[in-house]
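Chain and residue survey
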Amino acid sequence: MQTVSFSVKPNIPERLKPLEEIANNLWLSWNFDAVQLFMRLDYEVWLASRQNPARTLGRVSQAKLEEIARDTSFLAAMDAVYAKYQKYLQSERWYKGDGRDVIAYLSMEYGLDVSLPIYSGGLGVLSGDHLKTVSDLGLPLAGAGLLYRQGYFQQYLNPDGFQQEFYPENDWYTMPVRLCRSEQGEPLKITVDVGADDVTAQLWEVRVGKTPLYLLDSNIEENPTKHREITATLYGGDADMRIRQEILLGVGGIRALKALDLNPAVTHMNEGHSAFLGLERIRSLMQGKGMSFSEAQQAVWPTNVFTTHTPVPAGNERFPVELMSKYFKGFAEQLGLSWKDFLALGRENPDNDQESFCMTVLALKLAAHANGVSKLHGQTSRRMWQNLWPGLPVEEVPIKSITNGVHPRTWISHNMIDLLDRYLGPHFQDDPANFEVWEHMDRISDEELFRTHERRRERLVAFVRHRLPQQLQRRGFPEDVLSPYSLTISFARRFATYKRANLLLQDPDRLIKLLTDSERPIQLIFAGKAHPHDLEGKELIRELIHFAQDPKIRSQVVFLEDYDMTIARYLNSGSDVWLNTPRRPLEASGTSGIKAAMNGVLNLSILDGWWDEAYKPECGWAIGSGEEYADPDLQDEIESKAVYNLLEREIIPLFYTRGRDGLPREWIKRMKAAMSSVGKEMNSHRMLIEYSQEFYLPALQKAREFAADDFVSARELSGYLQRLKDSWEHVKVESLSVPQGVIFKVGDRIEASARINLGGLSPQEVRVELYFGSVSSSGEIEDAGRLEMSPRSDGRSVVEYRGQIECAVTGRQGYTVRLLPKHPALVHPYIPGFLRWA
């Protein structure tokens with residue numbers, strides 16, 4: 001059947017044209033007064049469009065639009081919002097540099113708004129908050145990703161409580177995305193070689209305030225069906241589908257930005273999915289600048305940033321060698337690498353021919369800048385990957401920590417935002433990098449804060465009651481669920497087994513007793529999706545549903561299906577307690593508890609992820625003291641009892657201890673402390689400023705330095721590393737001095753010297769470090785200090801180096817010497833394979 005397709009756009013009256021611009025910029029998603037405009041157009045249409053402003057504009061009748069265009073009240077509101085929008089776009093921001101080079105941020109998913117369903121959970125929401133914050137700060141960053149025709153699945157439960165999935169089609173022509181076009185008006189497209197095939201993708205743009213996000217779409221006629229499916233679903237399909245998606249993301253993402261006349265001088269890989277971008281950048285320099293693989297690798301290494309989000313080895317993407325051969329044999333030839341050397345880029349042990357190809361390893365080897373997403377996760381990541389830097393102490397493994405944050409105006413309810421705007425002053429809105437404003441929570445009266453929170457709890461209960469009827473009919477639940485006055489505890493996140501959604505069910509009788517206490521009632525709300533292939537996660541949901549069917553508690557325990565950003569906003573703002581029970585240290589960061597805390601919701605959580613560093617007794621409750629267990633059953637027993645004890649002895653009594661005015665003053669005190677502390681320390685603007693200062697700005701500077709004079713710095717660095725490789729086996733510590741005497745006093749100075757065989761290298765090419773500190777019972781140096789030693793003689797091959805250390809602490813102390821690369825172009829000296837100890 002032949003079908004002729006065409007697009008129909010809404011016929012917006014001229015006076016309402018600002019609505020079209022606002023609807024197609026996701027600035028709207030963190031400005032509720034803009035959202036209200038579309039709700040006012042036609043509330044029923046707004047709901048039917050799944051809160052999609054672009055679709056709402058297209059579905060409102062022409063007569064209604066003409067009527068609104070004459071409504072002076074609406075026009076005044078629209079003009080005020082549009083003026084605010086224009087002011088935002090034109091205002092001066094934190095970043096003062098130019099934008100001639102961009103930071104390319106690549107992520108598998110983006111959780112920007114419910115109207116653009118191309119996200120699954122926390123990783124995507126973090127990516128969305130990242131782009132929004134970039135816009136606030138004015139950073140020269142552009143995002144790139146994939147435009148999934150079906151996005152992530154929508155969830156429903158069968159009568160037995162078992163998760164089912166369905167995949168509705170997205171209609172991009174009624175969503176806040178715009179097809180990119182060439183100067184001739186044709187759709188802008190790029191081509192990526194995926195194995196033996198060329199895959200074409202057209203480009204779409206999403207505006208996120210000032211920040212552009214470009215999405216690749218392979219569902220076009222030029223491609224055969226198997227490649228049109230590359231952008232069908234998020235995290236769908238088998239390993240073959242995943243590798244094709246990641247080739248399109250990494251290689252295609254870089255090509256897309258170049259096709260848009262942007263220069264991706266710095267790249268940020270948000271998780272290992274996009275790590276193939278490093279290979280594409282190297283290939284591009286080799287072909288465009290006539291560079292060798294080594295030269296091109298050194299040119300991109302200081303400008304690549306990698307963020308890992310996975311705290312367990314099994315969670316890192318790995319592809320079998322056979323699959324890599326299918327798609328990358330030709331790529332390796334273009335890079336001038338043997339197949340073994342190419343595979344070594346993704347292997348922990350390059351000599352193990354049976355090892356699969358790991359995307360995290362590839363990213364770590366190609367990026368000078370790497371980080372985990374909380375302090376604890378940084379420690380975990382350094383332990384996980386220390387084998388990539390043989391001999392290097394785990395604390396020096398070059399993986400830093402930048403703790404995740406959330407975008408406050410996206411996640412704080414509009415009721416609470418109105419309150420904060422009134423009391424925290426104009427800096428709260430106009431200068432989000434001014435974190436001190438969060439210290440003024442005491443300006444808000446207890447009554448105003450708690451009444452605002454009570455309104456959010458009432459809205460949460462109303463939302464649940466409105467949403468439940470259809471899903472409850474399938475499972476035979478009552479519709480009169482929850483109370484707007486009861487202590488509300490929520491658990492909402494991905495249903496993976498390590499997150500232990502069923503920890504509260506360890507002692508069901510004890511829990512039922514709490515749920516049925518008529519004097520101090522509590523109620524539980526659960527929400528979250530299990531991965532379609534995670535049968536254990538699905539069983540957790542089923543277990544909760546069966547527990548909730550007990551007639552005694554059917555009105556106090558609710559599971560909300562199809563967890564998305566809308567549900568998250570209601571839960572984050574209307575709950576009283578946010579429950580989080582992962583197995584430490586398997587929660588890399590987590591951000592839902594941050595969103596809750598900024599709304600005055602108190603956390604009850606294992607000390608894992610962000611909570612491990614943010615917890616303060618006045619801000620919430622810790623489950624345990626940061627213990628890690630070898631026996632998971634014992635852990636569940638101990639920590640479930642800890643939860644029950646905290647609920648019975650502290651949390652419930654504190655919430656229901658009221659004065660004559662009906663206010664729980666001590667509870668409100670904790671709300672204010674949590675909002676102040678978490679708002680100041682865990683917001684995404686702090687996060688982005690850290691990324692900028694630690695990674696982005698130094699990488700931009702390096703990009704410009706290396707690109708100068710036809711990449712002469714990269715070529716020189718490559719030559720140095722080759723000399724290092726040729727000489728390193730001969731570089732060693734010939735002798736190390738022993739201090740006179742074995743007992744010293746605090747304040748004494750020890751002169752240390754060492755004779756170093758430089759193996760033909762110059763003293764300017766080897767860093768000689770004095771490594772000193774306390775000596776453990778096993779003879780290891782702990783809490784080490786490091787001091788670069790100075791050459792004192794000019795022997796042809798053996799040079800004497802000296803350094804002086806001060807005895808600063810008592811106890812058993814010691815020192816040794818180690819040798820590292822030294823070159824002014826190196827971001828850091830920790831190059832795998834180049835470390836020698838005395």
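To start, this report covers the structure provided alongside it. Given the structure is predicted, the values throughout are model-derived calculations rather than measurements.

**Remarks on the sheet that holds strand β22 (residues 749-757)**
Ordered in space as β21-β22-β26-β25, the 4 strands form an open sheet in which the pairing is antiparallel. Sheet topology places β21 (732-736) and β25 (790-791) at the edges, where each strand pairs with a single neighbour. As paired strands, β22 and strand β26 (residues 798-806) are joined by 9 bridges and run antiparallel to one another. If you follow Ile756 over to β26, its bridge partner there is Val799.

**Digging into the pattern of salt bridges**
Between side chains of opposite charge, a pair can form as their charged atoms come close. Tallied over the full model, the rule gives 60 salt bridges. One salt bridge in this structure joins Glu169 and Arg149, with 3.1 Å as the shortest N-O distance. With a gap of 20 residues between them, Glu169 in the loop between β4 (163-166) and β5 (178-179) and Arg149 in the loop between β2 (141-146) and β3 (154-157) connect regions that are remote in the sequence. The shortest N-O distance in the salt bridge between Arg583 and Asp636 comes to 3.0 Å.

**A closer look at the pairing of β3**
Bridge count between β3 and β4: 4 bridges; the pairing is antiparallel. Paired with Gln155 across the strands is Glu165, a residue of β4.

**What to know about the packing of aromatic side chains**
Inspection of every chain in the model, using the stated rule, returns 28 aromatic pairs. An aromatic cluster is built from Phe276, Phe328, Phe331, Trp339, Phe342 and Phe357, whose rings are joined through pairwise contacts. The ring of Tyr88 is capped by Arg93, whose NZ or CZ atom sits 4.3 Å from the centre of that ring. Taking NZ or CZ as reference, Lys329 lies 5.2 Å from the ring centre of Trp339, over its face.

**Structural notes on the sheet that holds strand β20 (residues 620-623)**
As summarised here, the arrangement of the 6 strands in space is β17-β16-β15-β18-β19-β20, forming an open sheet in which the pairing is parallel. Strands with a single pairing partner mark the edges of an open sheet, and in this sheet they are β17 (557-560) and β20. In this sheet, neighbouring strand axes are inclined to one another by 20 degrees on average, regardless of whether the strands run parallel or antiparallel. Pairing of strand β16 (residues 522-527) with β17, which is carried by 4 bridges, proceeds in the parallel orientation. Across the sheet, residue Leu524 finds its bridge partner in β17, namely Val557. In the packing of helix α20 (residues 508-515) onto the sheet, contacts are made with β16 and β17, and the angle to β16 comes to roughly 115 degrees. Packed onto the sheet, helix α25 (residues 632-656) meets β15 (487-492), β16, β18 (577-580), β19 (602-606) and β20 and runs at close to 165 degrees relative to β20.

**Some points on a negative patch on the surface**
On the surface, a cluster of negative charge is made up of Glu395, Glu780, Glu782 and Asp783. You can see Glu780 is positioned in the loop between β23 (766-775) and β24 (781-788).

**Some words on helix α7 (residues 122-137)**
End to end, α7 covers 22 Å across 16 residues, agreeing with the expected 22 Å (1.5 Å per residue, within 8%). With 15 of 16 residues buried, α7 lies mostly within the body of the structure.

**Details of the packing of helix α9 (residues 239-259) against helix α10 (residues 276-289)**
Relative to each other, α9 and α10 sit at 45 degrees, their axes nearing to 8 Å. Of the possible angle classes, the one that applies to α9 and α10 is oblique. Of the two possible hands of crossing, α9 and α10 adopt the one that is right-handed. On α10, the residues touching Ile243, Glu246, Ile247, Gly250, Val251, Ile254, Arg255 and Lys258 of α9 are Phe276, Leu277, Glu280, Arg281, Arg283 and Ser284. Its residues assigned to classes, the contact of α9 with α10 shows 6 nonpolar, 2 polar and 6 charged.

**Section: the packing of α20 against α25**
When two helices pack together, their arrangement is given by the angle between their axes and by how far apart the axes lie. Orientation of α20 relative to α25, taken along the N-to-C sense of each, is 20 degrees, at an axis distance of 11 Å. If you check the angle between α20 and α25, you find them roughly parallel. The interaxial crossing formed by α20 with α25 has left-handed handedness. Across the interface between the two elements, Arg510, Leu511 and Leu514 from α20 touch Lys641, Tyr644, Asn645, Leu647, Glu648 and Ile652 from α25. Here the contact of α20 with α25 is built from residues that sort into 5 nonpolar, 1 polar and 3 charged.

**Some points on the nonpolar core**
Core analysis: the biggest nonpolar cluster contains 176 residues, and Leu16, Phe38, Phe276, Leu279, Phe328 and Phe342 have the highest contact counts within it. It is helix α27 (residues 684-727) that provides the largest number of residues to this core, a total of 16 residues. In terms of nonpolar packing, the next biggest core, distinct from the first, is built from 97 residues, Met416, Cys619, Ala622 and Ile651 among them.

**A few points about unusual backbone geometry**
A cis amide bond links Arg584 to the next residue, Pro585, at an omega of 5 degrees. Structurally, the position occupied by Pro585 is in the loop between β18 and α23 (592-598). With a phi close to 60 degrees, Asp562 is a non-glycine residue in the positive phi region. Position of Asp562 relative to the elements: it lies in the loop between β17 and α22 (565-574). Judged by its relative accessible area of 8%, Asp562 falls in the buried class. Phi is positive for Phe711, which is not a glycine, with a value near 60 degrees. Positionally, Phe711 belongs in helix α27.

**Brief notes about the environment of Gly600**
With respect to the secondary-structure elements, Gly600 resides in the loop between α23 and β19. For Gly600, a relative accessible area of 1% gives the class buried. With 25 residues separating them along the chain, Gly600 and Ser575 place their C-alpha atoms 9.0 Å apart. Apart from the residues within four sequence positions on either side, Gly600 is in contact with Met671 and Met675.

**Overview of the side chain of Asp608**
Assignment of secondary structure puts Asp608 in the loop between β19 and α24 (610-614). Despite being buried, Asp608 has no salt bridge partner; Arg584 is the closest side chain of opposite charge, sitting 5.6 Å away. There is a polar contact of 3.2 Å between the side chain of Asp608 and the backbone nitrogen of Leu586. With near-sequence residues (within four places) excluded, Asp608 lies in contact with Leu376, Pro582, Arg583, Arg584, Pro585, Leu586 and Glu587.

Thresholds applied
- Residues numbered from 1 in each chain as written.
- Predicted model: local features only at pLDDT ≥ 70, side-chain atom pairs only at ≥ 80, totals over all residues.
- Heavy atoms only, no water.
- Pairing = 2+ DSSP bridges.
- Helix = DSSP H or I, 4+ residues; strand = E, 2+ residues; numbered from the N terminus.
- Salt bridge = Lys/Arg side-chain N within 4 Å of Asp/Glu carboxyl O.
- Phe/Tyr/Trp six-rings, centres within 6.5 Å; stacked < 30°, edge-to-face > 60°.
- Lys NZ or Arg CZ within 6 Å of the ring centre and 35° of its normal.
- Axes fitted to C-alpha atoms, helices over the stretch in contact; angles between N-to-C directions.
- Contact = heavy atoms within 4.5 Å.
- Patch = residues over 30% accessible without salt bridge, like charges linked within 9 Å, V, L, I, M, F, W, Y side chains within 5 Å.
- Areas by Shrake-Rupley, 256 points an atom, 1.4 Å probe, with all protein chains shown as cover.
- Lys, Arg positive; Asp, Glu negative; His and termini not counted.
- Charge placed at Lys NZ, Arg CZ, Asp CG, Glu CD.
- Expected span 1.5 Å × (residues − 1).
- Buried < 20%, exposed > 50% of the residue type's maximum accessible area, 1.4 Å probe, protein only.
- Parallel < 35°, antiparallel > 145°, perpendicular 65-115°, else oblique.
- Left-handed = near helix turned anticlockwise from the far one by under 90°.
- Nonpolar A, V, L, I, M, F, W, Y, C, P; charged D, E, K, R; others polar.
- Core = buried A, V, L, I, M, F, W, Y, C linked by side-chain atoms within 4.5 Å.
- Polar contact = N/O pair within 3.5 Å; in protein donor to acceptor, adjacent residues only side chain to side chain.

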